[in-house]
Amino acid sequence: MTATITGLPDRYRPLDEVGPEERTDTGVIHCWRAKDRILNRDVAIRVHVPGGPAARGWIARALTAGGLATPALAMVYDASEGNGGESGVAYVVNEWIEGQTLAERLGSGPMGEREARTVLRRLAEGVAEAHRVGLAVGGLSPETVVLRPNGLVGLRAVPAATGTVQEDIAALGALLEYCLTGRRAGVPGPDGVPGSPPVIGAPDLAALVRRARSSEPGARLATAAAMAALLAERPRSHGSVPVRSGDESDSGWLRRLRDHREADREADRDAAQAPAVAEAPDDDPQRLDPHTLPPVPPGRARVLPPVSAGPAYDDADDQDVFGDAADGYDEDDVDRPGRRRLVVGGLLLAAVVLVVLLAWWVGTNLLSVAGDVDERPGTVPPAGTSSAPPAEDGAAPSSAAGPLVGITGASVFDPFGDGEPENDDEVPATYDGDPASTWSTLNYRGSADFGNLKPGVGIVYDLGSDQAVGGVTLTTTTPGIAVEVRTGGAPDGDLDSFAVATAGSVDGTTDLAFEEPVTARYVLVWVTGLVPAEDGFAATLAEVGVTPAS
């Protein structure tokens, strides 16, 4: 018994055709969204007509892709070459990826630089995994790349009927350009005339696009892994680099860029020469011959003042011993060491006074706060009137700007995890008032994006009741982690049930203020980016303080 498509097993019931039709030298491939009746799940079925020997190469590529496990590429569940003829088809069953296609997303406008880097880096990492086993993915287009709801990215059609490694790299470059500009290079406009080439503002990304799409062996990008590594680098500052205008010719742009670089090199040479000119020659140590006298400091030629009393010396003897040293004598040079000693002594004295005053201020304030906490354990030290309820399970850290909202409880929020606890017992350390105690994520290998296993993990803080919140203060011992601060009305549910209030990078102690005050009972600190740790990548939270709205 067969389904609607002739030759397809009855296990799969086609629902609707999706994606573009793919024509090959041996036939045509159609993609369908279908229902797996046995496992009761949606799948993507790609059908090659005709089947049999004409589809043998495609099926072999699909079997190779079946050994891959990366969220950037749809998994291969099943494949069959079929028996050929009019009644036979070859098919590949892929994981169905829910989400918005890249073409749909870019229909509302181009991406920001950071978002484009993240999307293309994750996609390039998956393509690099396929290249590692000798498989060129193919089919990389805005219609087949899907943005998953959890923040990851996936290629829906794996693999294409044909493709090469260099074609995959060029396609990644074209997708990067499309994400940054919202335009496809070489595609005619509404009037049928191709528009001017899209302009990419970031010079490093513009250079990466050119290298990825270049056909010259010495200039093109060699691997998808290299592209992923370049996209993972921190964006370079490009404020002083000239930006190419849309109507500027290649020769004019190159000439202006060459002039800019030459000006930079001249400025560097001038800067390198300036210290040598300003350097005092008498301050440089010089190696002398032990049988010669030291050099005389330069100065105005003066005659030594006459000595009114004392033993008499013969001028001729003086000349024999000192030579022409008297000609370079300068009273200012005699006084200079004394003045230097006075200046150095004054600076040292000022530094000692400053250290003493700083130590007194730190000791007075810290001891005062510590004494208040010892007298009233489990509460926030009083610092004015606050509408927030007192903390029940732990003490909220104090803030120089005023009292913090009390935290009555907290728990790990890990909706995309595999069930392994994320150090749940360490959560109370994030609001105990002691920055020395911390909560840490698990260590992840291979990528700062949680090893490409999930989009993040976080902690939900219970404020006891609805509170007007204006921001949070975060302290970490792993500077550089990326977080989102979200708010919600319930501690459970999916990530989308918590609205994003603010986001940023945490370095040491960082204040993240909300654009608008939010009234909520639950605050989620959602970690989205890790930093290198001893055994991979990880993040820590030492203290979390919730700031009331002013």
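Whatever comes next refers back to the structure up there.
Quick notes on the rules
Residues numbered from 1 in each chain as written. Predicted model: local features only at pLDDT ≥ 70, side-chain atom pairs only at ≥ 80, totals over all residues. Heavy atoms only, no water. Core = buried A, V, L, I, M, F, W, Y, C linked by side-chain atoms within 4.5 Å. Buried < 20%, exposed > 50% of the residue type's maximum accessible area, 1.4 Å probe, protein only. Domains from an automatic or database assignment. Contact = heavy atoms within 4.5 Å. Helix = DSSP H or I, 4+ residues; strand = E, 2+ residues; numbered from the N terminus. Pairing = 2+ DSSP bridges. Phe/Tyr/Trp six-rings, centres within 6.5 Å; stacked < 30°, edge-to-face > 60°. Lys NZ or Arg CZ within 6 Å of the ring centre and 35° of its normal. Polar contact = N/O pair within 3.5 Å; in protein donor to acceptor, adjacent residues only side chain to side chain.

Enquirer: What is the right way to read the nonpolar core from this model?
Expert: Grouped together as the largest cluster of nonpolar side chains are 54 residues, with contacts concentrated most on Leu172 and Leu176. Residue assignment places this core across two domains, with domain 1 (12-95) and domain 2 (100-186 + 201-232) each supplying three or more. If sequence neighbours within four positions are ignored, Leu176 has contacts with Ala116, Leu120, Leu205, Leu208, Val209, Met227 and Leu231. Grouped together as the second largest cluster of nonpolar side chains are 32 residues, Val427, Phe450, Val525 and Val546 included.

Enquirer: Mind showing me how you'd approach the pairing of strand β6 (residues 90-95) here?
Expert: Successive residues of a regular strand alternate their side chains across the two faces of the sheet. For β6, the tally of buried residues reaches 6 of 6 residues, placing the bulk of the element in the interior. Sheet topology note: the strand β4 (residues 41-49)/β6 ladder contains 6 bridges and is antiparallel. Bridging across to β6, Ala44 finds its partner in Asn94. Pairing geometry for strand β5 (residues 76-80) and β6, over 4 bridges, is antiparallel. In the sheet register, Val76 faces β6, and the bridge partner there is Asn94.

Enquirer: I'm lost on the environment of Leu15 in this one. Help?
Expert: Of note, Leu15 is situated in strand β1 (residues 12-17). The class for Leu15 is partly exposed, based on a relative accessible area of 38%. The spatial distance from the C-alpha of Leu15 to the C-alpha of Asp42 is 9.3 Å, given a sequence separation of 27 residues. Look past the residues within four positions of Leu15 in its chain and what remains in contact with it is Arg33, Ala34, Lys35 and Asp42.

Enquirer: What exactly am I supposed to notice about the pairing of strand β12 (residues 457-475) here?
Expert: Burial of β12 is extensive: 15 of the 19 residues sit out of reach of the surface. For strand β10 (residues 409-413) and β12, the ladder comprises 5 bridges, and the chain directions are antiparallel. Residue Ser411 lies in a different strand from β12, and its bridge partner there is Val460. Two strands pair when backbone bridges link them, and β12 and strand β19 (residues 543-548) are joined in this way by 6 bridges, in the antiparallel orientation. Across the sheet, Val469 pairs through a bridge with Pro548, a residue of β19.

Enquirer: Any chance you could explain the packing of aromatic side chains here in plain terms?
Expert: Given two aromatic rings, their pairing is described by the distance between the two centres and the angle made by the two planes. Inspection of the entire model under this criterion finds 6 aromatic pairs. The interplanar angle of 70° and the centroid separation of 5.3 Å between the aromatic rings of Phe413 and Phe498 together place this pair among those described as edge-to-face. With a gap of 85 residues between them, Phe413 in strand β10 and Phe498 in the loop between β13 (481-488) and β14 (499-506) connect regions that are remote in the sequence. Take Phe413: its relative accessible area is 5%, and that puts it in the buried class. Ring centres of Phe413 and Trp526 lie 5.8 Å apart, and the angle between their planes is 70°; this geometry places the pair in the edge-to-face category. Residue Phe413 is located in strand β10, and its partner Trp526 is located in strand β15 (residues 509-529); the two are separated by 113 residues in the primary sequence. On the accessibility criterion, Trp526 (1% relative accessible area) is buried. Between the NZ or CZ atom of Arg156 and the centre of the ring of Trp96, over which it lies, the distance is 4.2 Å.

Enquirer: Would you mind going over the side chain of Arg148 with me for this structure?
Expert: By the element assignment, Arg148 lies in the loop between β8 (145-147) and β9 (153-155). In terms of polar contacts, Arg148 uses its side chain to reach the backbone carbonyl oxygen of Pro71, at 2.8 Å. Excluding its chain neighbours within four sequence positions, the residues that come into contact with Arg148 are Pro71, Glu95, Ile97, Glu98, Val153 and Gly154.

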